[in-house]
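Remarks on the overall topology
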Amino acid sequence: MKLIDEEGRRLDGRRFDELRKIKIEAGVLHRAEGSCYLEWGGNKVVAAVYGPREAVPRHTQDPVKAVVNARYNMAAFSVDDRKKPGPDRRSREISKVTSEALERVIITDLFPRASIDVNIEILDAEAGTRCAGLTAAAVALADAGIPMRDIPVACAAGKIGAEVVDGEVKGGYVVLDLGKDEDNYGNADLPIAIAPRTDEILLLQMDGHLTYEEFEQALDLAMKGCHIVSKLQREALLNKYRPDLEENL
Amino acid sequence: MQARKIVLPGEFLGETRSLKAGRGTFIEHGKIYAMILGIFERRGKLVQVIPIKGRYEPVEGDFVIGIIEEAMPSSWLVDINAPYPALLHVSETPWDIEFGDTEKYLKTGDSIMAKVLFIDVEKKLQLTLNDRNLYRIRGGHIIEVEPSKVPRIIGKKGSMINLIKRYTRCRIIVGQNGRIWLDGDDKSIAKVLMAIKLIEEESVSYGLTNKVENLLKMMT
């Protein structure tokens, strides 16, 4: 399968440094303290935040700071073949890395013994759900009024279109935000999450192989992607709360 | 008048050299940033962020409306809408209670007007009923609003709440934790609810007292 042509056009017509279409809406659920609905290409994600509230069971409490529990869950109907409900190895891993990334920016020492619970539900999946999930979770946290040092944001870069000739990898392009086929048949995927104010890396995973130079290039590209998505996050939050301000001036 | 500005977590607000960091902000490398989503406010040198949403943050001496969660042999666990349940010990009540008899006085689901006695470093909360106007609530209704909107509902020196009371002849008591107790006939309660809804929706606008007065006049 040819994932990228000579002119640098990808399967869905994007250039190497273009993101899929992203739509973010803050505060969509009434029962949760904070929430967010996000569409990222074919991904559809809802994130809901509860807390800070006293952590139960008690042994999970930390006497000096709050614990952050992110729970990433894929709906049974989110993929082509029905996904068996319940946590599996993959979703456990994503829950863990997301929790740790969010914990870095949340000011947890304000709420000793408490837990901040983040539910990330993947309704529709099309590659890059962990980035979409973390991005939505960040907006939901801000919407819930949780104290944070920054609004984290995630985005992926990767490598596609390399050929193997006589056991040697030839060619290939480093591109931003892999789509479904690019993820499945590409060469490497590098999802990262950052705190955009300081460019601190909160999450970095890699699937596949990249040379050192390609890695640097991909990291750079993913950072740029993060900053674009970060703007959309801010807009979504402002759109939710600005209207009632302006109306009444 | 200057426009009120919404700020987001991590937004740069100023340098510590020239400004003082207030509530809802944090300092990093001599710079002040917003910690929460809220409305930016500057008073002289003090910069602060007023929350729009979020849980009630208990302060010692606050008057709150609590709901009993659990009765234990010598104390009760009370939900006051804070991140943590609060403890009410029998010694902090006006009654003389035998060990294990707590349920006879307050049982799960009962509501109380209470005061926050103290908070320790672990954020363990204690309430008291030993003060004027603190008692078990009988009758009336309790509604919940965002705790951040409580100052607007009370108004400057109680101007807003007194206005509503004057027009509706309801008995209204506002807890700092966003719970409001109402008592009166159905019609006047409906009026109060309309007024509070208006305050909640337009809490950031100027001249709100006049708007509420117009609404209440219209309904009478």
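Note that the coordinates shown come from a computational prediction; the quantities given were computed from them, not determined experimentally. (Residues numbered from 1 in each chain as written. Chains lettered and ligands numbered in written order. Predicted model: local features only at pLDDT ≥ 70, side-chain atom pairs only at ≥ 80, totals over all residues.)

1. Some remarks on the interface of chain B and chain A
Interfaces are often described in size by the accessible area the parts lose on coming together. Opposite the 25 residues of chain B that make contact, chain A presents 29 residues. Tallied by class, residues from the side of chain B that touches chain A come to 15 nonpolar, three polar and seven charged. (Contact = placed C-beta atoms within 7 Å. Nonpolar A, V, L, I, M, F, W, Y, C, P; charged D, E, K, R; others polar.)

2. Brief notes about the domain arrangement of chain B
Per the domain assignment, the segments making up chain B are domain 1 (5–51), domain 2 (63–128) and domain 3 (141–219). For domain 1 of chain B and domain 3 of chain B, the distance between their C-alpha centroids amounts to 30 Å. (Domains from an automatic or database assignment.)

3. Let's talk about unusual backbone geometry
Residues and elements named next belong to chain A. Pro-52 follows Gly-51 through a cis peptide bond whose omega is 0°. In this structure, Pro-52 sits in strand S3 (residues 43–54). Cis geometry marks the peptide bond from Val-56 to Pro-57, where omega comes out at -10°. Among the structural elements, Pro-57 can be located in the loop between S3 and strand S4 (67–74). Positive phi is not limited to glycine here, since Asp-166 has a value of about 50°. Structurally, Asp-166 is set in the loop between strand S7 (163–165) and strand S8 (168–170). (Helix = DSSP H or I, 4+ residues; strand = E, 2+ residues; numbered from the N terminus.)

4. A short note on the environment of Ala114(B)
Take Ala114(B): it is sitting in strand S11 (residues 111–119). Other than its neighbours up to four places away in sequence, Ala114(B) contacts Val64(B), Gly66(B), Val78(B), Leu88(B), Leu127(B), Thr128(B), Leu129(B) and Leu134(B).

5. Things to note about the sheet that holds strand S5 (residues 31–34) of chain B
Residues and elements named next belong to chain B. A sheet is described by the order of its strands in space; here three strands give the open sequence S2-S5-S4, paired in antiparallel fashion. Edge strands, defined here as strands with exactly one partner in the open sheet, are strand S2 (12–15) and strand S4 (25–28). Averaged over neighbouring strand pairs, the angle between their axes works out to 30° when direction is ignored. One ladder, built from four bridges, connects S4 with S5; its direction is antiparallel. Looking across to S5, one finds that Phe-26 is bridged to Tyr-33. (Pairing = 2+ DSSP bridges. Axes fitted to C-alpha atoms, helices over the stretch in contact; angles between N-to-C directions.)

6. Some details on the environment of Met194(B)
All names here are of chain B. Relative to the helices and strands, Met-194 is located in helix H4 (residues 186–201). For Met-194, a count of 17 C-beta atoms within 10 Å corresponds to the partly exposed category. In this structure Met-194 touches Leu-215 and Met-219, once residues within four positions along its chain are discounted. (Buried ≥ 20, exposed ≤ 12 C-beta atoms within 10 Å, placed from the backbone.)

7. A short note on the environment of Pro87(A)
Within the fold, Pro87(A) resides in the loop between S4 and helix H1 (89–105). Its 14 C-beta neighbours within 10 Å are what place Pro87(A) among the partly exposed residues.

8. As for helix H3 (residues 159–168) of chain B
Residues and elements named next belong to chain B. Along H3, the positions that sit buried rather than exposed are Met-160, Ile-161, Ile-164 and Thr-168. Each buried residue of H3 sits inside an arc of 95° when the element is viewed along its axis, so together they form one side. Within H3, the exposed residues directed more than 90 degrees away from the buried face are Ser-159 and Arg-166. Buried residues belonging to H3 abut helix H2 (150–154), strand S14 (171–174), H4 and helix H5 (208–219). Positive backbone phi, approximately 55°, marks Arg-169, located one or two places after H3. (Arc of directions from axis to C-beta.)

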